[in-house]
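Here's the letter readout for the chains.
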Protein chains: 2
Amino acid sequence: MKEQKVSRPKARLPRGFRDRSGAEIAAERKILDTIRTVYESYGFAPLETPAFEYTDALGKFLPDVDRPNEGVFSLQDDDGQWLSLRYDHTAPLARYVAENFQFLPKPFRRYAVGPVWRNEKPGPGRFRQFTQFDADTVGSNSSTADAELLMMLADTLEALCLERGEYVVKVNNRKLLDGVLEAAFVDNSRRGTVLRAVDKLDRLGVDGVRALLGEGRKDDSGDFTKGAGLNETQIERVLTFSTPGATLDSVAPAVAGSAAGEAGLKELEAILSVVRGCGFGEERIAFDTGIVRGLDYYTGPVFEAQLTFKVKNDDGQDVVFGSVAGGGRYDDLVARFTGQTVPATGVSIGVSRLLTAMTQRGLTGSTAPLIVVLAMGDAAGSFAVACELRAAGFAAEAYVGNKKVPDQLKYADKRGAALVVMEGDDERDKGEIILKDLKAGAEVAKTVETRADWVGARAGQSIVKRANLVAEVEKLLGRT
Amino acid sequence: MKEQKVSRPKARLPRGFRDRSGAEIAAERKILDTIRTVYESYGFAPLETPAFEYTDALGKFLPDVDRPNEGVFSLQDDDGQWLSLRYDHTAPLARYVAENFQFLPKPFRRYAVGPVWRNEKPGPGRFRQFTQFDADTVGSNSSTADAELLMMLADTLEALCLERGEYVVKVNNRKLLDGVLEAAFVDNSRRGTVLRAVDKLDRLGVDGVRALLGEGRKDDSGDFTKGAGLNETQIERVLTFSTPGATLDSVAPAVAGSAAGEAGLKELEAILSVVRGCGFGEERIAFDTGIVRGLDYYTGPVFEAQLTFKVKNDDGQDVVFGSVAGGGRYDDLVARFTGQTVPATGVSIGVSRLLTAMTQRGLTGSTAPLIVVLAMGDAAGSFAVACELRAAGFAAEAYVGNKKVPDQLKYADKRGAALVVMEGDDERDKGEIILKDLKAGAEVAKTVETRADWVGARAGQSIVKRANLVAEVEKLLGRT
């Protein structure tokens with residue numbers, strides 16, 4: 001018979017996606033459980049929408065014949081309709097609210113957690129699937145709804161064991177900047193350029209931004225960026241507004257005479273009044289005119305939770321960690337479907353970024369220590385030992401492979417097991433059992449080759465009465 | 001200006017998908033947490049693979065030009081490669097193991113939980129996204145690995161508060177039926193027909209299956225189904241094998257002389273020996289030749305967890321609930337990629353079916369009772385009350401809408417709140433606060449129209465000292 005050439009697929013993770021295991025999943029679960037507990041304590045209830053939405057209902061991105069996947073993952077259903085994977089939790093919420101409006105309590109308050117997908121070019125640290133944790137209040141135009149989200153964010157970060165001073169929740173209002181521009185007679189066409197200039201305050205400083213607001217700026221490489229072309233008075237108004245440390249009082253003159261600006265001020269005053277009245281001070285929730293991110297999308301208050309401690313960046317430099325959550329008021333969301341404006345406000349936590357921050361702070365907790373019971377011939381025996389340890393509340397695994405003892409020991413080491421239990425015929429006859437603390441004996445384990453060697457290597461090893469197994473394990477690992 | 005006609009998308013859930021909220025999500029979370037706790041106590045560690053795999057790596061389904069979405073949701077990446085959403089957790093596990101083989105502890109033991117997607121025609125109760133919870137041991141050919149999964153399933157069902165006798169984990173071995181057919185000289189071409197006949201034992205009884213194993217069977221409508229064409233001796237062998245209540249001893253003669261059959265018997269003996277040695281009796285884990293489901297896919301032992309209690313079906317009849325989990329040994333999984341056979345065994349719990357069963361048994365637990373603090377003018381005041389209640393461990397929400405008191409009360413009712421707290425100016429001046437138990441006053445709440453009516457409607461309502469708020473709420477709702 002002629003041998004056929006076998007064509008095999010290559011085992012490879014798709015571009016821009018990743019696998020995650022043990023410690024990272026446990027750490028993320030702890031974070032998600034903490035957020036969920038705080039959100040539920042504030043009266044937000046869970047809502048889960050499917051991964052897919054109809055592309056037209058999802059909005060923002062529409063497939064065309066040439067590039068059906070611009071920004072989102074899209075495919076055509078067998079009835080011809082286009083489906084897209086959600087790229088956030090807000091667009092599905094809008095669809096859900098519009099579809100079920102008459103049956104929902106108003107305001108409708110829900111949280112949503114789960115993966116979202118972006119069909120973008122993957123890069124270092126940029127993945128095409130990641131987890132967001134959102135909370136939104138739909139159907140209230142009251143500033144108390146915004147104030148509550150700020151307080152809830154601050155409480156969530158403390159529930160995650162961040163100390164006061166390690167985070168700050170910042171609030172701004174897009175109507176303020178609109179008001180500054182309106183009061184300064186800046187026409188609307190320059191708004192985008194002004195916005196981008198203000199957003200660079202951190203990086204370029206006041207003088208750089210001043211240049212970008214005026215004629216333009218030449219950077220170190222000699223490249224010239226055309227400015228917004230504002231006059232001196234206009235530039236001063238914008239800079240006064242944007243300077244770090246601005247207070248409601250200090251920005252008031254910059255928006256005087258603008259209806260939008262004055263409305264923005266009033267909303268911020270109402271928000272801060274609730275927040276301060278509940279005892280949330282400036283060190284937890286602060287007004288900051290520098291919050292520009294997402295300003296294009298929102299219609300009123302915008303907020304951002306920032307972690308203020310320093311971490312090493314990829315180049316080994318100390319940098320402030322920065323934003324882990326953002327949100328704001330977006331009142332035109334349901335109107336896409338129904339024509340009727342429904343006021344809404346929400347916040348989204350970037351779980352991956354938060355997880356990175358928590359891991360860098362060592363705040364992620366640990367999984368239960370694992371006990372591996374070696375297989376020594378009598379399978380039921382090792383399983384009975386594992387059963388007994390599980391009944392006492394430990395995580396215990398009877399080895400199910402068919403390797404020799406030194407290999408089993410290496411397996412336990414690779415699993416990161418805390419303890420190995422071994423009951424050979426000799427021990428069973430004497431009513432004894434061997435415990436080996438792998439933390440104490442880790443180095444030894446790597447070099448032993450035979451069972452005799454291993455039994456001889458006493459580091460972290462003890463022989464105890466079989467009847468005292470649970471008590472002896474408790475001594476070594478602590479009570480469960 | 002001419003008015004433009006606005007075209008709005010219709011807010012609608014995609015065909016075959018669904019939204020899920022409050023109680024169902026809470027119940028599912030409880031089930032997932034319970035499964036996770038048991039699986040981790042057995043030493044299984046979490047692994048999360050992305051929603052997408054390369055279509056060729058996923059296997060089984062391949063997109064073609066005409067119907068790229070046969071069975072799975074597939075789309076083409078911008079580099080031309082086809083991506084598919086996972087349709088189970090086993091295929092991604094195979095890819096992961098093949099890709100990372102040299103770095104993994106052997107055996108590799110992982111659990112995986114999350115949505116899977118099937119591009120199938122939706123129907124009543126059939127959705128295109130659902131949750132599976134899998135556990136697999138890869139790299140062990142030992143029967144202890146299979147035995148462990150059976151015990152873990154049984155322990156999981158009891159951890160979910162099912163009583164002994166309400167479930168049974170059944171085990172069979174596909175080598176047994178192969179052996180029966182081999183020993184009876186049934187040629188391989190009839191195997192599928194025999195399998196389908198045996199699978200109908202529950203529905204058609206012994207005589208119906210006997211007909212299907214022989215010449216064929218005419219059903220009540222007069223339709224004739226052609227049989228497998230076995231002779232009397234062959235039929236007797238198959239029926240002896242398939243009869244409910246068969247034991248290893250009783251089926252032994254039916255496979256005598258077949259190498260496959262004898263190997264199957266030996267594997268089952270080894271599995272049951274471990275299981276019985278650990279004290280798992282026949283009422284928890286039982287041999288059953290009737291387990292046919294998935295038999296085509298597996299290479300050895302197959303298992304299924306069944307719930308034995310009766311529930312009402314859609315027609316109001318009492319029926320046994322049946323299967324909630326299935327699995328078995330599938331040794332050729334990694335070989336697709338590497339050419340090297342890696343023995344593997346696993347089990348998958350259908351979470352939606354399990355949730356349905358648990359809900360029917362009333363075993364899903366409840367969420368924390370919600371307290372709604374009404375907005376009575378002073379926002380900071382109602383938020384401070386909610387803050388105080390949260391600090392005491394309750395779920396408390398300050399109303400953030402801007403409706404009148406009766407509407408707020410209806411809101412609380414619609415949210416299913418347990419308790420409403422109200423502090424108006426009068427109460428504040430007197431250092432008092434009103435508590436209203438909505439369970440007691442639910443009926444009244446539906447009819448009140450004004451605040452005066454409501455204050456007058458005393459059912460379940462009490463005025464307490466503001467200073468005693470937490471203590472009084474504890475009296476009504478119990479300690480947190």
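Quick caveat, the model's predicted, so the values are computed rather than measured.

1. Observations regarding the overall build of chain A
Phase 1: Of regular secondary structure, chain A possesses 18 helices and 19 strands.
Phase 2: Relative to its length of 480 residues, chain A is extended, with a C-alpha radius of gyration of 30 Å against a globular reference of 23 Å.
Phase 3: Residues counted as buried form 55% of the 480 residues belonging to chain A.
Phase 4: When contacts within chain A are restricted to residue pairs at least 6 apart in sequence, long-range pairs at least 24 apart make up 68% of them.
Phase 5: Only carbon and sulfur atoms are counted for the fraction: they give 49% of the accessible area of chain A, which is about 21000 Å².
Phase 6: Put simply, chain A has 63 plus and 69 minus side-chain charges, and the middle of one group is 4 Å from the middle of the other.

2. Some words on the packing of helix 9 (residues 248-255) of chain A against helix 10 (residues 259-277) of chain A
Any two packed helices are characterised by how steeply their axes cross, that is the angle between the axes, and by the distance between the axes.
All names here are of chain A.
Phase 1: Relative to each other, helix 9 and helix 10 sit at 165°, their axes nearing to 9 Å. By the angle between their axes, helix 9 is roughly antiparallel relative to helix 10. Here the hand of the crossing between helix 9 and helix 10 comes out left-handed. Across from L248, V251, A252 and V255 in helix 9, the residues of helix 10 making contact are G261, E262, L265, L268, E269 and L272.
Phase 2: Looking at the contact of helix 9 with helix 10, its residues break down into 7 nonpolar, 1 polar and 2 charged.

3. Description of empty space enclosed by the protein
All names here are of chain B.
Phase 1: A full pass over the atoms with the stated rule returns 5 cavities of 30 Å³ or more.
Phase 2: Considering the residues around the largest cavity, the lining is formed by V373, L374, M376, D378, G381, S382, V385, V421, M422, E423, R428 and I433.
Phase 3: If you list the elements that add at least two residues to the lining of the largest cavity, you get helix 13 (379-391) and strand 17 (419-422).
Phase 4: Considering each element in turn, the lining of the largest cavity owes the most residues, 3 residues, to helix 13.

4. Section: the sheet that holds strand 15 (residues 370-373) of chain A
Residue and element names in this part refer to chain A.
Phase 1: Taken together, the 5 strands give an open sheet; going across it, the order is 16-15-17-18-19, and neighbouring strands pair in mixed fashion. At either margin of the open sheet sits one strand with a lone partner, and together these are strand 16 (395-398) and strand 19 (461-465). Within this sheet the neighbouring strands show an average axis-to-axis angle of 25°, counted without direction.
Phase 2: Bridge analysis of strand 15 against strand 17 (residues 419-422) gives 3 bridges, and the strand direction is parallel. Residue V373 lies in a different strand from strand 17, and its bridge partner there is V421.

5. Re the state of the cysteines
Phase 1: The tally for this structure, following the rule as stated, stands at 0 disulfides over all chains.
Phase 2: The thiol of C278 of chain A is unpaired, and the distance to the nearest cysteine sulfur, on C387 of chain B, comes to 4.7 Å.
Phase 3: Using a relative accessible area of 15% as the deciding quantity, one classes C278 of chain A as buried.

6. Some words on the pairing of strand 12 (residues 301-312) of chain A
All names here are of chain A.
Phase 1: Most of strand 12 is tucked away: 9 of the 12 residues are buried.
Phase 2: In this sheet, strand 12 lies alongside strand 8 (residues 167-173) in antiparallel orientation, the contact comprising 7 bridges. The residue of strand 12 that forms the bridge with V171 is F303.
Phase 3: Here 9 bridges tie strand 12 to strand 13 (residues 318-329), and the two strands are oriented antiparallel to one another. Within strand 13, the residue paired with A305 across the bridge is A325.
Phase 4: In this structure, the hairpin formed by strand 12 and strand 13 is closed by a connection of 5 residues, where G316 is found at a positive phi of approximately 85°.

7. Focus: the sheet that holds strand 18 (residues 432-437) of chain B
Residues and elements named next belong to chain B.
Phase 1: Strand order in the open sheet formed by 5 strands is 16-15-17-18-19, and the pairing between neighbours is mixed. The open sheet has two edge strands with one neighbour each: strand 16 (395-398) and strand 19 (461-465). If you compare each strand with its neighbour and ignore which way they point, the axes differ by 25° on average.
Phase 2: Relative to strand 18, strand 17 runs antiparallel, the two sharing 4 bridges. Bridge assignment links L419 to a residue of strand 18, and that residue is D437.

8. So, helix 7 (residues 201-213) of chain A
In an α-helix, one turn spans 3.6 residues, which is why side chains three or four residues apart end up on the same side.
Residues and elements named next belong to chain A.
Phase 1: Relative to the 18 Å expected for 13 residues at 1.5 Å per residue, helix 7 spans just 11 Å between its end C-alpha atoms, considerably shorter than the ideal helical length.
Phase 2: The axis of helix 7 is deflected most strongly, by about 75°, at D207.
Phase 3: Within the sequence span of helix 7, burial applies to L201, G208, V209, L212 and L213.
Phase 4: Considering only its buried residues, helix 7 is in contact with helix 6 (191-198), strand 9 (216-218), strand 10 (224-226) and helix 8 (232-242).

9. Thoughts on the relation of the copies chain A and chain B
Phase 1: Each copy superposes on the other: chain A lies on chain B with an RMSD of 0.1 Å after a rotation of 180° and an axial shift of 0.0 Å. Such a turn and shift between the copies fits a two-fold axis. Residue L75 of chain A of chain A places its C-alpha closer to the rotation axis than any other residue of that unit, at 3.0 Å.
Phase 2: Taken as a fraction of all interface residues of chain A, those also at the interface in chain B reach 100%, which identifies the copy contact as same-surface.

10. What about the side chain of T137 of chain B?
Phase 1: With respect to the secondary-structure elements, T137 of chain B resides in strand 7 (residues 129-138).
Phase 2: The residues touching T137 of chain B, leaving out its near neighbours within four places in the chain, are V400 of chain A together with F44, P107, F108, R109, A145, E148, P343, A344 and T345 of chain B.

11. Section: the interface of chain A and chain B
Phase 1: Tallying the contact residues gives 100 residues for chain A and 101 residues for chain B.
Phase 2: Summed over both partners, the interface of chain A with chain B buries about 8000 Å², with 55% contributed by carbon and sulfur atoms.
Phase 3: Counting the surface chain A buries against chain B, the share from its top three residues, R12, E48 and V400 of chain A, is 9%.
Phase 4: Seen at the junction of chain A and chain B, the total is 20 salt bridges.
Phase 5: In this structure, the salt-bridge partner of E48 of chain B is R20 of chain A, at a minimum N-O distance of 3.0 Å.
Phase 6: In this assembly, chain A and chain B are joined by 44 residue pairs in polar contact (both at pLDDT 80 or more).
Phase 7: Taken together, the residues of the side of chain A that touches chain B sort by class into 47 nonpolar, 23 polar and 30 charged.
Phase 8: As judged from the 2 bridges shared by strand 1 (residues 20-21) of chain A and strand 2 (residues 45-48) of chain B, these two strands associate in the antiparallel manner. Note that in strand 2 of chain B the partner of R20 of chain A across the bridge is E48 of chain B.

12. Description of the pattern of salt bridges
Phase 1: Enumeration over the complete set of coordinates arrives at 78 salt bridges over all chains.
Phase 2: Between D19 of chain A and R95 of chain B there is a salt bridge, and its shortest N-O distance comes to 2.8 Å. One end of the pair, D19 of chain A, is in the segment before strand 1; the other, R95 of chain B, is in helix 3 (residues 90-100), on a second chain. In this pair, the class of D19 of chain A matches that of R95 of chain B, namely buried.
Phase 3: For K170 of chain A, the salt bridge goes to D288 of chain A, with nearest N and O atoms at 2.9 Å. Here K170 of chain A is found in strand 8, whereas its partner D288 of chain A is found in the loop between strand 11 (285-287) and strand 12, with 118 residues between them in sequence. Each of the two residues, K170 of chain A as well as D288 of chain A, counts as buried.
Phase 4: When salt bridges with common partners are traced through the structure, they connect R15, K121 and R128 of chain A together with D77, D78 and D79 of chain B into a single cluster.

13. Re the domain arrangement of chain A
Phase 1: Under the domain assignment, chain A is made up of domain 1 (22-360) and domain 2 (370-476).
Phase 2: Averaged C-alpha coordinates put domain 1 of chain A and domain 2 of chain A at centres separated by 52 Å.

14. Section: the environment of E427 of chain B
Residue and element names in this part refer to chain B.
Phase 1: As for its placement among the helices and strands, E427 is situated in helix 15 (residues 425-430).
Phase 2: The buried category is assigned to E427, whose relative accessible area is 9%.
Phase 3: Residues E427 and P115, spaced 312 residues apart in sequence, show a C-alpha to C-alpha distance of 51 Å.

What counts and what doesn't
Position numbers for residues count from 1 along each chain, tracking the sequence in the order it is written. Note on labels: chains are lettered from A, ligands numbered from 1, in written order. Local features are withheld for residues below a pLDDT of 70 in this predicted model, meaning they are given only at 70 or higher, and side-chain atom pairs are given and counted only at 80 or more; totals for whole chains, interfaces and linings count all residues. Processing note: side-chain calculations cover all non-hydrogen atoms of the structure and skip hydrogens and water entirely. Strands here are runs of E lasting at least two residues and helices are runs of H or I lasting at least four, both read from the DSSP assignment and numbered beginning at the N terminus. We compute the radius of gyration over the C-alpha atoms and compare it with the globule rule, which gives 2.2 Å times the number of residues raised to the power 0.38. Think of it in three bands: with a 1.4 Å probe and only protein chains considered, a residue is buried below 20% of the maximum accessible area for its type, exposed above 50%, and partly exposed in between. Here a residue-residue contact requires only that any non-hydrogen atoms of the pair lie within 4.5 Å. Computed by Shrake-Rupley with a 1.4 Å probe, the accessible areas treat only the displayed protein chains as cover when residues are assessed. Charged residues are defined narrowly, with Lys and Arg counted positive, Asp and Glu counted negative, and His plus the chain ends left uncounted. Every charge is mapped to an atom, namely NZ of Lys, CZ of Arg, CG of Asp or CD of Glu. Axis definition: a line fitted to C-alpha atoms, over the contacting stretch in the case of helices. Angles run 0 to 180 degrees between N-to-C directions. Note on terminology: angles under 35 degrees are roughly parallel, angles over 145 are roughly antiparallel, angles of 65 to 115 are roughly perpendicular, and the others are oblique. Two helices cross in a left-handed way if the nearer one is turned anticlockwise from the farther one by less than a right angle. They cross in a right-handed way if the turn is clockwise. In this classification, Asp, Glu, Lys and Arg are treated as charged, Ala, Val, Leu, Ile, Met, Phe, Trp, Tyr, Cys and Pro as nonpolar, and every other residue, Gly included, as polar. Of the two site types, the cavity is a set of points on a 1 Å grid over the protein atoms alone where a 1.4 Å probe fits but cannot get out, and the pocket is an open set with protein on both sides within 12 Å along at least five of seven lines, each lined by residues with an atom within 4 Å of a point. Grid points are joined across faces, edges and corners, and a volume is the space filled by probe spheres set on the points. The rule for pairing is simple: two strands pair if DSSP sees at least two bridges between them. Note on terminology: pairs of cysteine sulfur atoms within 2.5 Å are recorded as disulfides. Helix span, expected: 1.5 Å multiplied by one less than the number of residues in the helix. To get the bend at any residue, fit one axis to the seven residues that end at it and another to the seven that begin at it, then take the angle between the two axes. Superposing copies: least-squares fit, C-alpha atoms only, residues required to have pLDDT of at least 70 in both. For any pair of parts, buried area is found by adding up, for both, the accessible area (1.4 Å probe) each one loses once the two are put together. For this document, the term salt bridge refers to a Lys or Arg side-chain nitrogen within 4 Å of an Asp or Glu carboxyl oxygen. Within 3.5 Å is the distance limit for a polar contact, defined as a pair of N or O atoms, with the added protein rule that one can donate a hydrogen and the other accept it, and that residues adjacent in sequence qualify only through two side-chain atoms. Throughout the structure description, domain borders are defined by an automatic or database domain assignment.

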